[in-house]
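A closer look at the structure
Below, each chain spelled out in residue letters.
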Amino acid sequence: MLQAIWAQDQNGLIGKDDQMPWHLPSDLAYFKKLTSGNTLIMGRKTFVGMGSRPLPNRKTVILSRNEEYNPAGVTVLHSVEEVLHFVNKQTTPVFIAGGAMLYQTFLPYCDVLYRTVIEASFSGDTYFPKVDWSQWQLVKETDGTIDEKNRYPHRFEVYHRK
């Protein structure tokens, strides 16, 4: 099953210079809880923005057109078709984890969306692609905790395709 997971500000911003423009530990913990033991698919820039290392207890798949790109500890695929073939062979959830181009490409194939909305505005250069929300049903919404480490109001949303 293909799923997408991301955090955005109230304007749909998801990145600045290939990184998240905020620090929100509760969202990082949510991401870890949902993706641990599963597979992440991301683009090369997102992988580099995360420190060019696979995250613990997750299989990492990088989509890159560069046939020479082969970092240690990850699987590199070179086409949308290869990714979809890979996803169809998996028995555990597979998460699209960025960037914007991958979200746009694979959103039509996703069955579940995990969106964290941060009720603040940030500056950046990358926005989540437009979503036809009429195709999705909100099935769960949970407010995040605000404290000294999590300064921004935020909520976790789960959508299933209708």
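Computed from a predicted model, the values in this text were never measured in an experiment.

Thoughts on the packing of aromatic side chains
For any two aromatic rings, the description comes down to two numbers: the centre-to-centre distance and the angle of the planes. Within the structure shown, the criterion is met by 9 aromatic pairs. When the ring of tryptophan 22 is compared with that of phenylalanine 122, the centres are 5.2 Å apart and the planes differ by 55°; the resulting orientation is tilted. Residue tryptophan 22 is located in the loop between strand 2 (13-15) and helix 1 (25-35), and its partner phenylalanine 122 is located in the loop between strand 7 (112-118) and strand 8 (126-127); the two are separated by 100 residues in the primary sequence. What makes phenylalanine 122 buried here is its relative accessible area of 17%. Seen from their ring centres, tryptophan 133 and tyrosine 159 are 4.6 Å apart, and the 45° between their planes marks the pair as tilted. Of the two residues, tryptophan 133 sits in the loop between strand 8 and strand 9 (136-143) while tyrosine 159 sits in strand 10 (residues 154-161), which places them 26 residues apart along the sequence.

So, unusual backbone geometry
In the segment running from glycine 98 into glycine 99, the intervening peptide bond is cis, with an omega of 0°. The backbone of aspartate 17 shows a phi angle near 55°, a positive value even though the residue is not glycine. Along the chain, aspartate 17 falls in the loop between strand 2 and helix 1. A positive phi angle, near 55°, is found at serine 52, a position not held by glycine. Position of serine 52 relative to the elements: it lies in the loop between helix 2 (44-49) and strand 4 (59-63). Looking at serine 52, the relative accessible area reads 39%, which means it is partly exposed.

Here's the deal with helix 3 (residues 80-88)
Taken together, the buried positions of helix 3 are occupied by Val83, Leu84, Phe86 and Val87. Seen from one end, helix 3 has its buried residues packed into an arc of 160°, which puts them on one side. Turned more than 90 degrees off the buried face of helix 3, the exposed positions are Glu81 and Asn88. Lining the buried residues of helix 3 we find strand 1 (2-9), strand 3 (39-43), strand 4, strand 5 (75-77), strand 6 (94-96) and helix 4 (100-106).

Digging into the pairing of strand 10
Relative to strand 10, strand 7 runs antiparallel, the two being bridged by 7 bridges. From the neighbouring strand, threonine 116 faces strand 10, where its bridge partner is phenylalanine 156. Pairing between strand 9 and strand 10: 7 bridges, direction antiparallel. Of the residues in strand 10, the one forming a bridge with lysine 140 is valine 158.

Some details on the nonpolar core
Residues Ile41, Ile96, Phe106 and Leu113 are the most contacted members of the largest nonpolar core, which totals 25 residues. Within the residue set of this core, elements represented by two or more residues are strand 1, strand 4, helix 3, strand 6 and helix 4. Ile62, Ala97, Val112 and Phe156 belong to the second largest nonpolar core, which has 17 residues in total.

Digging into the side chain of glutamine 3
Looking at the element boundaries, glutamine 3 is found in strand 1. In contact with glutamine 3, other than residues within four places in its own chain, are Pro93, Val94, Phe95, Ile96, Cys110, Val112 and Tyr114.

Remarks on the pattern of salt bridges
Enumeration over the complete set of coordinates arrives at 4 salt bridges. Note that arginine 115 is salt-bridged to glutamate 157, the shortest N-O span being 2.7 Å. A residue pair is termed long-range when its members are at least 10 positions apart, and arginine 115 in strand 7 and glutamate 157 in strand 10 qualify at 42 residues. For the pair arginine 115 and glutamate 157, one class covers both residues: buried. When salt bridges that share partners are traced, they join Arg115, Glu119, Glu141, Arg155 and Glu157 into one network.

Rules used in this analysis
- Residues numbered from 1 in each chain as written.
- Predicted model: local features only at pLDDT ≥ 70, side-chain atom pairs only at ≥ 80, totals over all residues.
- Heavy atoms only, no water.
- Phe/Tyr/Trp six-rings, centres within 6.5 Å; stacked < 30°, edge-to-face > 60°.
- Helix = DSSP H or I, 4+ residues; strand = E, 2+ residues; numbered from the N terminus.
- Buried < 20%, exposed > 50% of the residue type's maximum accessible area, 1.4 Å probe, protein only.
- Arc of directions from axis to C-beta.
- Contact = heavy atoms within 4.5 Å.
- Pairing = 2+ DSSP bridges.
- Core = buried A, V, L, I, M, F, W, Y, C linked by side-chain atoms within 4.5 Å.
- Salt bridge = Lys/Arg side-chain N within 4 Å of Asp/Glu carboxyl O.

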